[in-house]
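# Architecture and fold: a report
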Amino acid sequence: MPGRSIREFRSFRKVGTRKAQSISKVVVALSVVVEGGRVHALTAAAGSVADRTRLLPTLASELIGREPTRATIEAAARSAA
């Protein structure tokens, strides 16, 4: 994995019934770079939603260039669903 910029945030979230050895309901990985108060770059993927992990390009296209407010993130998530 390449090194990250000081402006890049990476996160991984697993939702399951137990912390260890559980079948996940969903997993999401996210890498986002915010510059000047706007999303400059974003890569997101979801697992346990199909036969393999899926990139979420619609989420990225909805957020890149926009201010990452709760409202814009929620609207982008609905579009990507």
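Below is a summary of the structure that appears in this document. (Residues numbered from 1 in each chain as written. Predicted model: local features only at pLDDT ≥ 70, side-chain atom pairs only at ≥ 80, totals over all residues. Heavy atoms only, no water.)

### With respect to the layout of surface pockets
We count it as follows: Buriedness of a pocket was judged along seven lines, with at least five required to meet protein on both sides within 12 Å; pockets are open sets of points on a 1 Å grid over the protein atoms alone, cavities are sets where a 1.4 Å probe fits but cannot get out, and lining residues have an atom within 4 Å of a point. Grid points are joined across faces, edges and corners, and a volume is the space filled by probe spheres set on the points. Counting from the N terminus, the helices are the DSSP runs of H or I reaching at least four residues and the strands are the DSSP runs of E reaching at least two. All amino acids are sorted into three groups, where Ala, Val, Leu, Ile, Met, Phe, Trp, Tyr, Cys and Pro are nonpolar, Asp, Glu, Lys and Arg are charged, and the leftover types, Gly among them, are polar.
By volume, the largest pocket amounts to about 260 Å³. Lining the largest pocket are 15 residues; nearest its centre among them are L30, L42, L59, L63 and I73. It is strand β2 (residues 26-35) that provides the largest number of residues to the lining of the largest pocket, a total of 4 residues. Partitioning the lining of the largest pocket into residue classes produces 15 nonpolar, no polar and no charged.

### Things to note about the environment of S31
Rules: The classification of residues rests on relative accessible area computed with a 1.4 Å probe and restricted to protein chains. Under 20% of the type maximum is buried, over 50% is exposed, and intermediate values are partly exposed. We call two residues in contact whenever any of their non-hydrogen atoms come within 4.5 Å of each other. Polar contact is defined as a pair of N or O atoms within 3.5 Å, subject to the rule that within protein one atom must be able to donate a hydrogen and the other to accept it, and that residues adjacent in sequence are counted only when both atoms are side-chain atoms.
One can find S31 in strand β2. Using a relative accessible area of 17% as the deciding quantity, one classes S31 as buried. Along the sequence, S31 and T43 sit 12 residues apart, while their C-alpha atoms lie 5.2 Å from each other. Not counting chain neighbours up to four residues away, the residues in contact with S31 comprise E8, F9, R10, A41, L42 and T43. A polar contact of 2.4 Å, which involves the side chain of S31, links it to the side chain of E8.

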